[in-house]
Amino acid sequence: MALQVSNSPFSEEQVELLNRLLPSITETQQSWLSGYLTAISSASVPSGGVAVLERPAIEVPTAVKEITVLYGSQTGNGQGIAEQAAAKLKEQSFDVTIQSMNDFKPNNLKKIENLLLVVSTHGEGDPPDTALPFFEFLHGKRAPKLDHLHYSVLALGDSSYEFFCKTGADFDQKLSDLGAVQLAPRVDCDLDYDEPAAQWLAAVEVSLEIQTGGQAAAASVEVETTSSTQYSRTNPFNAEVLENINLNGRGSNKETRHVEISLEGSGLTYEPGDSVGIFPTNNSDLIDEIIKVGDWNAEETVEINSQGERRALRIALLNHLEVTVLTRPLLEKLSNYSKSEELKRLLNKENTDELRAYVDGRDLLDALTDFGPVEASEQQLVGILRKLPARLYSIASSLEANPEEVHLTIGVVRYEAHGRDRQGVCSIQCAENLEPGDTLPIYIHKNYNFRLPANSGTPIIMIGPGTGIAPFRSFIEERSETGAEGKSWLFFGDQHYVTDFYYQTEWQNYVKDGALTRLDVAFSRDTDEKVYVQHRMKQASQELYQWIEEGAVIYVCGDEQNMAKDVHATLLEILQQEGGKSLEEAEAFITQLVQEKRYQRDVY
Amino acid sequence: MSSTTKPIHIQDGAPSDVEEIKIESDYLRGNLIETMNDSISSGIPDDDNRLMKFHGSYLQDDRDLRVERQRQKLEPAYQFMIRVRTPAGFATPKQWLVMDELAHKYGNGTLKLTTRQAFQMHGILKWNMKKNIQEMNDALLDSIAACGDVNRNVMCSPNPNQSSVHAEIYEWSKKLSLDLLPQTTAYHEIWLDEEKVVDTAGEEVEPIYGATYLPRKFKIGIAVPPMNDIDVFSQDIGLIAIVEDEKLVGFNVAVGGGMGMAHGDEQTYPQLGRLIGFVPTDQVVDVAKHLMMIQRDNGNRSVRKYARFKYTIDSRGLDWLISELHSRLGWELEETRPYHFDHNGDRYGWVPAENDRWNYTFFIENGRVRDTENYKLMTALREIAEIHTGDFRLSPNQNLVLGDVADSNKNNIEEIIAKYGLESPAEQSALRRNSMACVALPTCGLAMAEAERYLPSLITKIEGLLDEAGLGDEEIVTRMTGCPNGCARPAIAELGFIGKGPGKYNMYLGGGFTGQRLSKIYRENIGEEEILSELGPILKRYAKERDDGEHFGDFVIRAGIVAETTDGTNFHKV
């Protein structure tokens, strides 16, 4: 490794001097020197007076090239990718700092040279909770000039939403506006992000390599070599189902499965707050119908990924490709094989609203029917479709309490739209075709943004109506099993008390034995006026505020569109009402709670 | 009597836990206000459920769903049953409409007319109980003392307008009910949000009952001969109205009847009331009050299954009771007067009453008022209630009497009956019209076997046997209960079935047609197939060998098929 004018802030003369000196110094000298330089820079701050280095840094940066990886992640996908990237770069001797955007001090932007951003998009093109303060900083008046900065953005999203990867694009645009230079172009990832993410990182590495003059040359490649017994998203574990029960009593409008799964022999572990990803199977009737409508050959083998794996078309459609969601990219590709004028008209940018209305609640079969005939080969059909994504479900059990098991709470999705009965791919499989003894391909999905407090004495407030209850069963099982002494308060709600009170007898026992301090429930369809969890929060606002004052961590899990928004608004109200805060103060307080990880959400 | 030979029914131990609960309850309040508000369970704790009974209600669950829900991590499908106290089964059309409305709004959409002339609503969820009771209260209906260790709903032959004497007797049943009602204001505080009345020093809260009320339930009924529809001998106090020269002069008093027993304990048995004398009309409340207080002071408060009045009397002898009563009264009952019963069923259809008025009795199978797809009974009765100017009376056989129908309205009511095809009673077999079943499964916590849900189909099969025997229209009093507590009074039926286990019954024969004789066990623990194969030959023999006008219950004894039960104490002797 050698310093150059091009990869450092030094002049040619300085570079020469340094290159003469640096290769000859010992590790101890190197360590001393780095400490010394740090101390000098501290001392040079006008108000500072500390110049003495008491303890030289022990960890010595062996790479001259630093790089900062920031992630803004709601579900943990972004964090996972960022960590993989960081690990890979570390192996190539980069000095990698990896942080959640939440934990990054924006002022440090001035000090860093290389920045990778991995960020997802939610709702109406919004950043994840944990990215919000950083996002606002960059878009605010205090944003600094960033001429010195090299960066690249990996955007995560779902192309079935209108504002696909918008947050990533916003970051990209803003950084560029502030003068930063791209290391590699932004890549927008859809649900099957593995391949594009790997390509993005490869492009970043090449660019860094050029900068560092071959620093990373020999390294790279190795990372993908995972041992065959290490199960992960790319190598799911076929787990045996131990139990599958409907949690809703007779007469309910809903069906919610409690599925217990064995992890025996997998080596998989998890913590409360994590999720399980399930690779589902499409409904075979639907697949047969698609093949029939398109007049395809079910047995024709097709290539299903860039590794060249091949399957019969029917198997590919059943297990590997998404057929229940329509997206603009899908329809655009489809239009290459269709003569439909209507489809072309819909895809016209002017008709975005109409397109959005069309794709809502419709699937591939609808598109094939409405815009057929589709003159595509079996392989071309595969090219149109996204990979069948895994479904994530919050884990409803504690590994402490259930060794080698994981439990899930799965709401079954069934509805009628555009004249056809439709079903959630994974939930319907769990409801109708899954018996004890069957297996499911699963992996553990870490969710670092939804964690019990490190201190088991910290009070927790859990708001989880409907299937949002799942992680809180895990929390309380864990706290009960470990004898945690912290107070806990659960808000639960659903439609009907008698039929929809998930895990009722367990909660009753936890309240009885003290593992759960308080339980407030709201059932919206038992009385004339609809009562939801936020109404119960409001009724208990004084005590809730007191808990918050005592340092309680607030968790929200479940529906994002209505529940999480209403709960958020109610929290603001409570802070104003009980804390005498203005709206701005209440909002600032919540922002602070988020930063302190005292307000954590797992919403969908 | 030395202690070693002391009869088993006499208290010989500490008071039972229920006695403790009563003492601790502060006159039936307990923790009901808090536990009814607890939102984590739709049930209430056992202790409070004990007290709930005194308020006319108790917690049940849908037993059909019990196992399934347990697996679903759901508590049992808890629901409350509420029993509405209607002395002599009397309700106004407006009250009928309110009960109908509440059954749909809070209950399971049906009403049960009980064997003691009360309304029962099932399936009320905890958080609707208070509203339900308040809306009942607005219609002047309540459930105070409809269950619990107190005097229960007072029964009375439900034909007050048949004559002015009937009307007078009805008034006495109301007075008995009112005078023996608990005085605590707990009901009003808990359900009607009334302020707690501050205890006035020295004033007794419960002058008749005291803080522990009675050892167990207590039942009073008045029969008007020749009808024994209320089964006067099944009551703790049975009063037989004595009418002389078309005037009510008083009542014969029978004491110590009761149907309940426990399987496997022969120390428990059904018993018939024994006549102890005659009381002039205006002394009847006093006599009832003192009899009840004798039981209050002497009943067994240690073992609840021995705590009924019948055991208090049987263990000490009838003479003891009479002298105890006379000494408390300070005067003596007169000699029992002559009377005659000819039936314990109802008189169906139109019956003329005084002043150009009519009564109409509907057969309501097992007392269940509801709409089915093909039989809109509940809707029809609602329409009748909207135009009816008289009253409704629940019969002791779970039927419904439309009382005091104006001559001018008779056609209108007949039109509704025709419109909904409410089968005229004549179209129901005599067997079915003389049958009764208790609720049993799925809501009754005591049931060991089906009753209400099963008896109709069994009756259909027995009808087949009757037809084969050529006995198509024979009146045979048939009763079924899901457990031996005997709510449908099966031990005085000519053909009785008492649930033993799922699909299994003890079969009894030989009860008296007028309710004057207990039956005898004929077969133990048998299922439907055996019931029918046992019954077929007996019915054929009855058809062939019976004397003129001989009732089935009398025949089986004469023919030696079962021995006569001459007293409850030999009920179990085969």
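Residues numbered from 1 in each chain as written. Chains lettered and ligands numbered in written order. Predicted model: local features only at pLDDT ≥ 70, side-chain atom pairs only at ≥ 80, totals over all residues. Heavy atoms only, no water.

## Concerning the overall build of chain A
This is how the line gets drawn: Under the scheme used here, helices are H or I runs from DSSP no shorter than 4 residues and strands are E runs no shorter than 2 residues, and both carry numbers assigned from the N terminus. We call two residues in contact when some of their heavy atoms are within 4.5 Å. Note on areas: Shrake-Rupley, 1.4 Å probe, and residue coverage restricted to the protein chains presented here.
Counting secondary structure elements, chain A contains 21 helices and 21 strands. Counted over contacts in chain A with a minimum sequence separation of 6, partners at least 24 positions apart contribute 75%. Summed over all atoms, the accessible surface of chain A reaches about 28,300 Å², with 48% contributed by carbon and sulfur.

## Considerations on the sheet that holds strand S20 (residues 520-526) of chain B
Residue and element names in this part refer to chain B. To keep it simple, the criterion reads: Here, strands pair whenever DSSP counts at least two bridges between them. In this description, a line fitted to the C-alpha atoms serves as the axis of each element, helices being fitted only across the stretch in contact, and the angle between N-to-C directions of two axes falls anywhere from 0 to 180 degrees.
If you walk across this open sheet you meet the five strands as S16-S17-S18-S19-S20, and the pairing is mixed. In this open sheet, the two strands that pair with only one neighbour each are strand S16 (435-437) and S20. Between one strand and the next, the sheet's axes are offset by a mean angle of 15°, whatever the strand orientation. The sheet strands contacting helix H15 (residues 455-468) are S16, strand S17 (478-481) and strand S18 (495-501), and the helix crosses S16 at an angle near 150°.

## A look at the UniProt feature "binding site: siroheme" (unreviewed entry) in chain B
Using the following cut-off: UniProt positions are given in the numbering used here, feature names are shortened, and annotations may be inferred rather than shown by experiment.
On the UniProt side, "binding site: siroheme" (unreviewed entry) is annotated at positions that read B:Cys487 here. Position of B:Cys487 relative to the elements: it lies in the loop between S17 and S18.

## Observations concerning the nonpolar core
Residue and element names in this part refer to chain B. To be explicit about the condition: The criterion is simple. A nonpolar core is a set of buried Ala, Val, Leu, Ile, Met, Phe, Trp, Tyr and Cys residues joined through side-chain atoms within 4.5 Å. For each residue, the accessible area found with a 1.4 Å probe, counting protein chains only, is set against the maximum for its type, and the residue is called buried under 20%, exposed over 50%, and partly exposed in between.
The biggest cluster of nonpolar side chains holds 99 residues, and the ones touching the most others in it are Trp96, Phe251, Leu291 and Phe362. Each residue touching tryptophan 96, except ones within four places of it in the same chain, is listed here: Leu113, Phe119, Val369, Leu381, Arg382, Ala385, Phe392, Leu394 and Leu400. Residues Ala451, Met507, Ile526 and Val562 belong to the second largest nonpolar core, which totals 39 residues.

## Observations concerning the interface of chain A and chain B
Defined as follows: Note on terms: buried area is the combined drop in 1.4 Å-probe accessible area of two parts once they are placed together, counting the loss on both. Counting of polar contacts relies on pairs of N or O atoms within 3.5 Å, with two restrictions inside protein: one atom must be capable of donating a hydrogen and the other of accepting it, and residues adjacent in sequence are counted only when both atoms are side-chain atoms. Residues are sorted three ways: Asp, Glu, Lys and Arg are charged, Ala, Val, Leu, Ile, Met, Phe, Trp, Tyr, Cys and Pro are nonpolar, and all the rest, Gly among them, are polar.
Chain A puts 24 residues into the contact, and the matching count from chain B is 14 residues. The contact between chain A and chain B buries some 1,700 Å² in all, and 53% of this surface belongs to carbon and sulfur atoms. The three residues of chain A that bury the most area against chain B are A:Arg250, A:Tyr497 and A:Val498, which together make up 32% of that side's buried surface. Counting every contact that joins chain A to chain B gives 15 residue pairs in polar contact (both at pLDDT 80 or more). Take the side of chain A that touches chain B: its biggest share by element is five residues, from helix H17 (residues 504-513) of chain A. Here the residues of the side of chain A that touches chain B sort into nine nonpolar, nine polar and six charged.

## Description of the packing of helix H1 (residues 17-24) of chain B against helix H3 (residues 46-54) of chain B
Residues and elements named next belong to chain B. Worth spelling out the cut-off: Geometric relationships in this document are graded by angle, where less than 35 degrees denotes roughly parallel, more than 145 denotes roughly antiparallel, 65 to 115 denotes roughly perpendicular, and other angles denote oblique.
Packing of H1 against H3 leaves a shortest axis separation of 10 Å and a crossing angle of 75°. In terms of their interaxial angle, H1 and H3 are classed as roughly perpendicular. Residues Val18, Ile21 and Lys22 of H1 touch H3, and the partners they reach there are Asp47, Arg50, Leu51 and Phe54. Residues that form the contact of H1 with H3 fall into these classes: four nonpolar, no polar and three charged.

## Structural notes on the environment of B:Glu334
Residue and element names in this part refer to chain B. By the secondary structure assignment, glutamate 334 is in the loop between helix H11 (318-329) and strand S11 (349-353). Under the relative-accessibility criterion, glutamate 334 is labelled partly exposed at 36%. Here the alpha-carbon distance between glutamate 334 and glutamate 244, two residues 90 residues apart in the chain, equals 15 Å. With residues near it in sequence (within four places) discarded, glutamate 334 still touches Gly277, Phe278 and Pro280. In this structure the side chain of glutamate 334 is engaged in a polar contact, spanning 2.8 Å, whose partner is the side chain of arginine 337.

## Details of helix H12 (residues 364-371) of chain A
Given 3.6 residues to a turn, an α-helix orients residues that are three or four positions apart in the same direction. Residues and elements named next belong to chain A. With six of eight residues buried, H12 lies mostly within the body of the structure. Those residues of H12 that are buried are in contact with helix H7 (284-293), helix H9 (328-335), helix H10 (341-347), helix H11 (352-359), helix H13 (378-384) and strand S15 (420-423). Looking at where H12 begins, the residue whose side-chain oxygen comes 3.2 Å from the main-chain nitrogen of leucine 365 is aspartate 363.

## Brief notes about a negative patch on the surface
Residue and element names in this part refer to chain A. Spelled out, the test is: Like-charged residues are merged into a patch within 9 Å and nonpolar side chains (Val, Leu, Ile, Met, Phe, Trp, Tyr) within 5 Å, provided each residue has over 30% relative accessible area and no salt bridge. Any Lys or Arg side-chain nitrogen found within 4 Å of a carboxyl oxygen on Asp or Glu counts as a salt bridge. Within this scheme the basic residues Lys and Arg register as positive and the acidic residues Asp and Glu register as negative, but His and the chain ends are omitted. Taken as the charge centre is NZ of Lys, CZ of Arg, CG of Asp or CD of Glu, depending on the residue.
Together, Glu240, Glu264, Glu404, Glu435 and Asp438 make up a negatively charged patch on the protein surface. Structurally, aspartate 438 is set in the loop between helix H14 (425-432) and strand S16 (439-445). With relative accessibility at 31%, the residue aspartate 438 sits in the partly exposed group.

## Examining the pairing of strand S19 (residues 504-509) of chain B
All names here are of chain B. Within S19, five of the six residues are buried, which leaves the element mostly enclosed by the surrounding structure. Judged from the six bridges that link them, S18 and S19 form a sheet pairing that is antiparallel. Bridge pairing links isoleucine 498 to asparagine 506 in S19. As paired elements, S19 and S20 share four bridges and run antiparallel to each other. Across the sheet, tyrosine 505 pairs through a bridge with isoleucine 526, a residue of S20.

## A closer look at the sheet that holds strand S6 (residues 155-156) of chain B
Residue and element names in this part refer to chain B. One open sheet holds the five strands; their spatial order is S6-S7-S8-S9-S10, and the pairing between them is mixed. Two strands close off the open sheet at either side, each with one partner strand: S6 and strand S10 (274-280). Inspection of the sheet shows strand S7 (residues 220-223) paired to strand S8 (residues 237-244) by four bridges, in the parallel sense. Across the sheet, residue isoleucine 222 finds its bridge partner in S8, namely leucine 239. Sheet strands touched by helix H9 (residues 284-298): S7, S8, strand S9 (247-255) and S10. Its angle to S10, the strand with the most contacts, is close to 140°. Across the sheet, H11 is in contact with S9 and S10; its angle to S10 comes to roughly 20°.

## Thoughts on the confidence of the model for chain B
Note the threshold: As a per-residue measure, pLDDT reflects the predictor's confidence and takes values from 0 up to 100.
Residues at a pLDDT of 70 or more form 97% of chain B, whose mean pLDDT is 94. As a predicted assembly, this complex carries a pTM of 0.82 together with an ipTM value of 0.87.

## Side note on the packing of aromatic side chains
Note the threshold: Here a Phe, Tyr or Trp ring, Trp counted by its six-membered ring, pairs with any other such ring whose centre lies within 6.5 Å, and the pair is stacked when the planes are under 30 degrees apart, edge-to-face when over 60, and tilted otherwise. We call a charge positioned over a ring when the NZ of a Lys or the CZ of an Arg lies within 6 Å of the ring centre and within 35 degrees of the ring normal.
All chains considered together, the criterion is met by 40 aromatic pairs over all chains. Taking the centre distance of 6.1 Å and the plane angle of 55° together, the rings of A:Trp507 and A:Tyr510 count as tilted. Residue A:Trp507 and its partner A:Tyr510 are located together in helix H17, separated by three residues, close to a single helical turn. As far as the burial class goes, A:Trp507 and A:Tyr510 line up, both buried. Taken together, the ring pairs connect A:Phe492, A:Tyr497, A:Phe501, A:Tyr502, A:Phe523 and B:Trp127 into an aromatic cluster. Above the face of the A:Tyr193 ring, A:Arg233 is positioned so that its terminal group lies 4.0 Å from the ring centre.

## What about the UniProt feature "domain: Flavodoxin-like" (unreviewed entry) in chain A?
Those residues carrying the UniProt feature "domain: Flavodoxin-like" (unreviewed entry) are residues 67-205 of chain A in this numbering. A helix fraction of 33% and a strand fraction of 22% characterise residues 67-205 of chain A, whose end C-alpha atoms lie 11 Å from each other.

## Quick word on the UniProt feature "domain: FAD-binding FR-type" (unreviewed entry) in chain A
Sites flagged by UniProt as "domain: FAD-binding FR-type" (unreviewed entry) map to residues 234-453 of chain A. The annotated region residues 234-453 of chain A carries 29% helix and 24% strand content, and the separation between its end C-alpha atoms amounts to 30 Å.

## What to know about unusual backbone geometry
Residue and element names in this part refer to chain B. In this structure, proline 226 follows proline 225 across a cis peptide bond, with omega equal to 15°. Inspection of the secondary structure assignment puts proline 226 in the loop between S7 and S8. For the peptide bond that leads from leucine 441 to proline 442, omega is 10°, which places it in the cis range. By the element assignment, proline 442 lies in the loop between S16 and H15. Of note in the backbone geometry, glutamate 246 takes a positive phi value of approximately 60° without being a glycine. Within the fold, glutamate 246 resides in the loop between S8 and S9. Owing to a relative accessible area of 70%, glutamate 246 belongs among the exposed residues under this scheme. Here the phi dihedral of asparagine 355 falls at roughly 55°; this positive angle occurs in a residue that is not glycine. When you line up the elements, asparagine 355 lands in the loop between S11 and strand S12 (357-362).

## Let's talk about the pattern of salt bridges
The final tally for this structure, using the stated rule, is 83 salt bridges over all chains. Two residues, A:Glu205 and A:Lys88, come together in a salt bridge whose shortest N-O distance is 3.7 Å. One end of the pair, A:Glu205, is in helix H6 (residues 194-212); the other, A:Lys88, is in helix H3 (residues 77-91), with 117 residues separating them in the sequence. On the accessibility criterion, A:Glu205 (8% relative accessible area) is buried. The exposure class assigned to A:Lys88 is buried, which follows from its relative accessible area of 17%. Shared partners join several salt bridges into a network, and the residues in it are B:Glu19, B:Lys22, B:Asp149, B:Arg301 and B:Arg304.

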